[in-house]
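Next come the chains, spelled out residue by residue.
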Amino acid sequence: MGSNLITVSGPPASGTSTLCDHIRDELGGNIVSGGEIFYQLAEEHNMTPTEFSDLAEENPEYDKKIDGRIKSIIENHTNNETEYDTLIVDSRLSGWHAEDKADLRIYLKAPPSVRAQRIDSRDETAEDVEKREQSERKRYMDYYDIDISDLSIYDLVIDTSQFSPSQVADISLLAVANCEDVNSNYNSMFIHLS
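Model, not experiment: these values are computed from the prediction.

## Remarks on the overall build of the chain
Move 1: A tally of regular secondary structure across the chain gives 8 helices and 6 strands.
Move 2: Mapped from its N terminus to its C terminus, the chain presents α and β elements in the order β-α-β-α-α-α-β-α-β-α-α-β-α-β.
Move 3: Across the 194 residues in the chain, those meeting the buried criterion constitute 44%.
Move 4: For the chain, long-range pairs separated by at least 24 residues make up 78% of all intrachain contacts whose partners lie at least 6 apart in sequence.

## A short note on the packing of aromatic side chains
Move 1: For the structure on display, the rule yields 5 aromatic pairs.
Move 2: Between Tyr 143 and Tyr 144, the aromatic rings sit 6.1 Å apart at their centres with planes inclined by 90 degrees, giving edge-to-face as the arrangement.
Move 3: Under the relative-accessibility criterion, Tyr 144 is labelled partly exposed at 23%.
Move 4: Put simply, the rings of Phe 38, Tyr 39, Phe 52 and Tyr 62 touch in pairs and so form one group of aromatic residues.
Move 5: Looking at Lys 64, its charged tip hangs above the ring of Tyr 143, at a distance of 5.4 Å from the centre.

## Quick word on the pattern of salt bridges
Move 1: Counted under the stated rule, the structure contains 8 salt bridges.
Move 2: A salt bridge links Lys 131 to Asp 54; the nearest nitrogen and oxygen atoms lie 3.4 Å apart. Of this pair, Lys 131 sits in helix H7 (residues 126-144) while Asp 54 sits in helix H3 (residues 49-58); the two residues are 77 residues apart in sequence, bridging distant segments of the chain.
Move 3: The exposure class of Lys 131 is partly exposed, given its relative accessible area of 42%.
Move 4: We classify Asp 54 as partly exposed; its relative accessible area is 28%.
Move 5: Residues Glu 130 and Arg 137 are paired through a salt bridge, measuring 3.5 Å at the closest nitrogen-oxygen approach.
Move 6: For Glu 130, a relative accessible area of 31% gives the class partly exposed.

## Examining the pairing of strand E1 (residues 4-9)
Move 1: With 6 of 6 residues buried, E1 lies mostly within the body of the structure.
Move 2: Every second residue of E1 is oriented toward a common face, with Asn 4, Ile 6 and Val 8 on one face and Leu 5, Thr 7 and Ser 9 on the other, all of them buried.
Move 3: By the bridge criterion, 4 bridges tie E1 to strand E4 (residues 104-109) in an arrangement that is parallel. When the sheet's bridge partners are listed, Ile 6 is paired in E4 with Leu 104.

## Structural notes on the layout of surface pockets
Move 1: There is about 540 Å³ of room inside the largest pocket.
Move 2: Lining of the largest pocket is provided by 31 residues; of these, Gly 35, Glu 36, Tyr 39, Arg 92 and Arg 132 occupy positions nearest its centre.
Move 3: Elements that contribute at least two residues to the lining of the largest pocket include exactly helix H1 (16-27), helix H2 (34-44), helix H4 (61-78) and H7.
Move 4: The element contributing the most residues to the lining of the largest pocket is H2, with 5 residues.
Move 5: When its residues are assigned to classes, the lining of the largest pocket shows 9 nonpolar, 10 polar and 12 charged.
Move 6: In this structure, the second largest pocket encloses a volume near 250 Å³.

Conventions we followed
- Residues numbered from 1 in each chain as written.
- Predicted model: local features only at pLDDT ≥ 70, side-chain atom pairs only at ≥ 80, totals over all residues.
- Heavy atoms only, no water.
- Helix = DSSP H or I, 4+ residues; strand = E, 2+ residues; numbered from the N terminus.
- Buried < 20%, exposed > 50% of the residue type's maximum accessible area, 1.4 Å probe, protein only.
- Contact = heavy atoms within 4.5 Å.
- Phe/Tyr/Trp six-rings, centres within 6.5 Å; stacked < 30°, edge-to-face > 60°.
- Lys NZ or Arg CZ within 6 Å of the ring centre and 35° of its normal.
- Salt bridge = Lys/Arg side-chain N within 4 Å of Asp/Glu carboxyl O.
- Pairing = 2+ DSSP bridges.
- 1 Å grid on protein atoms, 1.4 Å probe; cavity = no way out; pocket = protein on both sides within 12 Å on 5 of 7 lines; lining within 4 Å.
- Points joined across faces, edges and corners; volume = space filled by probe spheres on them.
- Nonpolar A, V, L, I, M, F, W, Y, C, P; charged D, E, K, R; others polar.

Here's what the structure looks like:
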């Protein structure tokens, strides 16, 4: 397939990081995580993720800085200016930013109650995450006119509460393998697994 570009999106604790690790373990390549960039910026500002999200809501420069960096990485990869064959981009808007340049756009979801149980082991509470999600929804609509609840742009949508992490990886890797076979027509495919 040449250079692969795979985007993985979903709300907090839906399993995006785990899936990205599985894909990289299988295919190699590099992972770019919008969440990691976000957490790094929060840490640099000595803020919690929720506090930094509040700051970002007041000042668009922070979101646009993260999104601009991700878009630039995607552009460099699709122009064959990276040293790795596979780029996996994990961010809320990666599927939107990649547009038709992505070989596969994956969206992971899970009910809030399941995600809240997964969040228990993190620094944020379920309430913090819900507040951050609401803030992101509003900002993405305000900044980019993107409704992140619109899943029609994704080629594969998986409810991770219905499958184990290894099953989610197997399903996703099968879809990646089949991208080569359907190549230019596969963007019209939409598979919703829940």
